[in-house]
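Residues per chain, in single letters:
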Number of protein chains: 2
Amino acid sequence: MEIPEVVILRLPMYVRALKQINKTDFKLVSSQELGKLLSITPAQIRKDLSYFGRFGKQGRGYNVNYLLDELKQVLKLDKQWNACIIGIGTLGRAIIRYPGFGPAGFDIVAAFDSNINLVGQPIRKGLIIQPITELCSTIKTNNVSIGIVAVPAENAQAVIDSLASCGVKAILNYAPISPFTHNGIVIRNIDPTLALQSMTYYLD
Amino acid sequence: MEIPEVVILRLPMYVRALKQINKTDFKLVSSQELGKLLSITPAQIRKDLSYFGRFGKQGRGYNVNYLLDELKQVLKLDKQWNACIIGIGTLGRAIIRYPGFGPAGFDIVAAFDSNINLVGQPIRKGLIIQPITELCSTIKTNNVSIGIVAVPAENAQAVIDSLASCGVKAILNYAPISPFTHNGIVIRNIDPTLALQSMTYYLD
DNA sequence: TAGATTGTTAATCGATTAACAATC
DNA sequence: TAGATTGTTAATCGATTAACAATC
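Residues numbered from 1 in each chain as written. Chains lettered and ligands numbered in written order. Predicted model: local features only at pLDDT ≥ 70, side-chain atom pairs only at ≥ 80, totals over all residues. Heavy atoms only, no water.

Chemist: Before we go on, may I ask you to explain the overall build of chain A in this structure?
Modeler: In terms of regular secondary structure, chain A is built from eight helices and 10 strands. Overall size of chain A, expressed as C-alpha extent along the three principal axes, is 65 × 50 × 35 Å. Looking at chain A as a whole, 51% of its 204 residues are labelled buried. Surface exposure of chain A reaches about 10,100 Å², of which carbon and sulfur atoms provide 52%. Averaging the positions of the 21 positive and the 15 negative side-chain charges in chain A gives two centres separated by 8 Å. (Helix = DSSP H or I, 4+ residues; strand = E, 2+ residues; numbered from the N terminus. Buried < 20%, exposed > 50% of the residue type's maximum accessible area, 1.4 Å probe, protein only. Areas by Shrake-Rupley, 256 points an atom, 1.4 Å probe, with all protein chains shown as cover. Lys, Arg positive; Asp, Glu negative; His and termini not counted. Charge placed at Lys NZ, Arg CZ, Asp CG, Glu CD.)

Dropping the structure here:
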């Protein structure tokens, strides 16, 4: 069965909310309550979950811990994922320092830049800037599944193409472009400027 | 006429693509070409644009410069916008250093933190960390329209509520929560971890 | 048992796309 | 004029929601 992408995009929000509830001593949660927490209708939550199994009990709701574990498994969050980053400028360094990836199970294990002068520079323990020529070999030997793109807009598409040809199947793109995507490759774009520009419409 | 939010979310992508074309010497662009550039169907582009006016010429396409100007006006991008940021930790500092906002016409003109020890610390020219108690007054005297939230998850909702009560109408939230939104306030959430977690589903 | 809430189907709603007359 | 492409309507597609039997 082909599961709609919108559904997949909501699952991590469920995981996040369940983790939060898990810190309290509530053991059960209803679609009603979860929906209120996330501003999503209970019907939608039940429908979304029903794509993956029957996790609830009528009359009671969902066991928080159990549902959390199941969703983590669905999203394959029960393991560690290795990522590499390309482009070690201001933005790249900020991404490397971003405190949210590690706790979520994502490790940046390699860093690349096309500027030869940066090569060899240490970023933090165990992370040294490598030349971009080593991209494919490092990806393969270090079991890297995710590429993070932090190069200027002009070079972003080429880097994405390289990642794809090296066998990377998931790309987090910070460059302000609408990338052409390759078959079988998922891309998510992070563009705070675009987000701001879509809000000013509502301002006066 | 109520314009669908999905349409508003696409307009900045059109602006971005048009700016790019504008650097070349193409003076005209068809919905076909623009669509190829953005991986969007030509029909959708024409439909989206038709909400705001008739910008094209049959048989020729759209004048790049003209369409760009019109869209900038629609999105109110033809002026400078002032933003403030709350939470000057690792993440907050990275956001302040983010090189994409300035060129797009967004200025971070004030910085706040609840930690008294940080207050008074200079961040960059003209930007000194202020106590959060000064939030409302600074927003009003400095004509701040946008709030950028970079505090820990636990405090994010409270900060968003404060911003709302100070009259801020647009919020860019970097905290990993699903905020409750107030009436008449737009929020966009930036959460790279969520983006990664929705990609691992497709990996093996 | 009575009350509550799931899982699922069918109805609704909204967004995307195809098609084409208008016209540059 | 012939060719191309818009703007717009109607058809299609897909996602959300309402409703309710099943059942804890």
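Moving on from the model shown.
Chemist: Would you mind showing me how to read the protein's contact with DNA strand D here?
Modeler: Neighbouring residues of DNA strand D: 25 residues in total, closest Gln-44 of chain A together with Ser-31, Arg-46, Gly-56 and Tyr-62 of chain B. Each atom of DNA strand D within 4 Å of the protein was assigned to sugar, phosphate or base; sugar and phosphate come to 64%. Note that a sugar or linking oxygen of DNA strand D is positioned 2.9 Å from one of the side-chain N or O atoms of Gln-44 of chain A. Within the contact set of DNA strand D, a base nitrogen lies 3.2 Å away from a side-chain nitrogen or oxygen of Arg-46 of chain A. (Near = heavy atom within 4 Å. Polar contact = N/O pair within 3.5 Å; in protein donor to acceptor, adjacent residues only side chain to side chain.)

Chemist: Help me out: how do you make sense of the protein's contact with DNA strand C in this one?
Modeler: Around DNA strand C, the structure places 25 residues, and the nearest of them are Ser-31, Arg-46, Gly-56 and Tyr-62 of chain A together with Gln-44 of chain B. For DNA strand C, the backbone portion of the atoms within 4 Å of the protein, that is sugar and phosphate, comes to 64%. Backbone polar atom of Gly-56 of chain A to a phosphate oxygen of DNA strand C: 2.7 Å apart, as the coordinates give it. Here a phosphate oxygen of DNA strand C and a side-chain polar atom of Tyr-62 of chain A are 2.7 Å apart. Looking at the surface near DNA strand C, the elements with two or more residues in it are α3 (42-50), β2 (56-57) and β3 (61-63) of chain A together with α1 (5-22) and α3 (42-50) of chain B. Considering every element that reaches the surface near DNA strand C, the biggest residue donor is α3 of chain B, with four residues. Tallied by class, residues from the surface near DNA strand C come to five nonpolar, 11 polar and nine charged. (Nonpolar A, V, L, I, M, F, W, Y, C, P; charged D, E, K, R; others polar.)

Chemist: Would you mind showing me how to read the domain arrangement of chain A here?
Modeler: A common measure of how large an interface is: the accessible area buried when the components associate. Domain assignment breaks chain A into domain 1 (5-74) and domain 2 (81-194). Centre-to-centre, using C-alpha coordinates, domain 1 of chain A lies 32 Å away from domain 2 of chain A. (Domains from an automatic or database assignment.)

Chemist: Sorry, what's going on with the nonpolar core here?
Modeler: By size, the foremost hydrophobic cluster in this structure holds 108 residues, and its most contacted members are Phe-101 and Ile-148 of chain A together with Phe-101 and Ile-148 of chain B. For this core, the element with the most residues is helix α1 (residues 5-22) of chain A, which contributes nine residues. Contacts of Ile-148 of chain B, omitting those with residues within four sequence positions, involve Ala-83, Cys-84, Ile-85, Ile-86, Ile-95, Phe-101, Ile-108, Leu-172 and Tyr-174 of chain B. (Core = buried A, V, L, I, M, F, W, Y, C linked by side-chain atoms within 4.5 Å. Contact = heavy atoms within 4.5 Å.)

Chemist: Before we go on, may I ask you to explain the packing of α1 of chain B against helix α2 (residues 31-38) of chain B in this structure?
Modeler: The description of two helices packed together rests on the angle between their axes and the distance between the axes. All names here are of chain B. The N-to-C vectors of α1 and α2 enclose an angle of 105°; their axes lie 11 Å apart at closest approach. Looking at the two axes, α1 sits roughly perpendicular to α2. The segment α1 lies against α2, with Met-13, Tyr-14, Ala-17, Leu-18 and Ile-21 engaging Leu-34, Leu-37 and Leu-38. In terms of residue class, the contact of α1 with α2 is built from eight nonpolar, no polar and no charged. (Axes fitted to C-alpha atoms, helices over the stretch in contact; angles between N-to-C directions. Parallel < 35°, antiparallel > 145°, perpendicular 65-115°, else oblique.)

Chemist: For this particular structure, what's the right way to read the relation of the copies chain A and chain B?
Modeler: Mapping between the two chain copies consists of a rotation about an axis together with a translation along that axis. Once chain A has been moved 0.0 Å along the axis and rotated by 180°, it coincides with chain B to within an RMSD of 0.0 Å. Taken together, the turn and the small shift mark the pair as related by a two-fold rotation axis. Identified as the residue of chain A closest to the rotation axis by C-alpha distance is Ala-94 of chain A, at 2.7 Å. In this assembly, 100% of the residues forming the interface of chain A have copies in chain B that are likewise at the interface, indicating an isologous arrangement. (Least-squares fit on C-alpha atoms with pLDDT ≥ 70 in both.)

Chemist: Even after reading the chapter, I still don't get the interface of chain A and chain B, so can you show me in this structure?
Modeler: Tallying the contact residues gives 58 residues for chain A and 58 residues for chain B. Here chain A and chain B share an interface that buries about 5,300 Å² over both sides, 68% of which is from carbon and sulfur atoms. Considering only the surface of chain A that becomes buried against chain B, Arg-16, Tyr-201 and Leu-203 of chain A emerge as the three largest contributors, covering 13% of it. Our count for the contact surface shared by chain A and chain B stands at two salt bridges. Note that Arg-16 of chain B is salt-bridged to Asp-191 of chain A, the shortest N-O span being 2.5 Å. Taken together, the connections running from chain A to chain B amount to 16 residue pairs in polar contact (both at pLDDT 80 or more). At seven residues, the largest contribution of residues to the side of chain A that touches chain B is made by α1 of chain A. Within the side of chain A that touches chain B, the residues separate by chemical class into 38 nonpolar, nine polar and 11 charged. (Buried area = accessible area lost by both parts, 1.4 Å probe. Salt bridge = Lys/Arg side-chain N within 4 Å of Asp/Glu carboxyl O.)

Chemist: Which parts of the structure should I look at to understand the sheet that holds strand β3 (residues 61-63) of chain B?
Modeler: Strand-to-strand pairing in sheets goes through backbone hydrogen bonds, with the strands running parallel or antiparallel. Strand order in the open sheet formed by three strands is β1-β3-β2 (chain B), with antiparallel pairing between adjacent strands. Each edge of the open sheet carries a strand with a single partner, namely β1 (28-29) and β2 (56-57) of chain B. (Pairing = 2+ DSSP bridges.)

Chemist: Explain the environment of Pro-192 of chain B here, please?
Modeler: Note on placement: Pro-192 of chain B falls in helix α8 (residues 192-197). Pro-192 of chain B gets classed as buried once you look at its relative accessible area, which sits at 4%. Sequence separation of Pro-192 of chain B and Tyr-174 of chain B is 18 residues, and the distance between their C-alpha atoms is 9.0 Å. The contacts of Pro-192 of chain B, once residues within four sequence positions are left out, are Tyr-98, Phe-101, Leu-172, Tyr-174 and Ile-190 of chain A.

Chemist: Whenever I open this one, the pairing of strand β4 (residues 81-86) of chain B confuses me. Can you help?
Modeler: Residues in a regular strand point their side chains to alternate faces of the sheet. All names here are of chain B. Counting buried residues in β4 gives six out of six residues, a clear majority hidden from the surface. Here β4 shows no split at all, with Trp-81, Ala-83 and Ile-85 on one side and Asn-82, Cys-84 and Ile-86 on the other all buried. Of the pairings in the sheet, the one linking β4 to strand β5 (residues 106-113) comprises six bridges and is parallel in character. Residue Ile-86 lies in a different strand from β5, and its bridge partner there is Phe-112. Tracing the backbone out of β4, into helix α5 (residues 90-97) and back to the parallel element β5 gives a crossover that is right-handed. Note: β4 against strand β8 (residues 146-149), four bridges, orientation parallel. Bridge pairing links Ile-86 to Val-149 in β8. (Right-handed = clockwise from strand over helix to strand, strands pointing away.)

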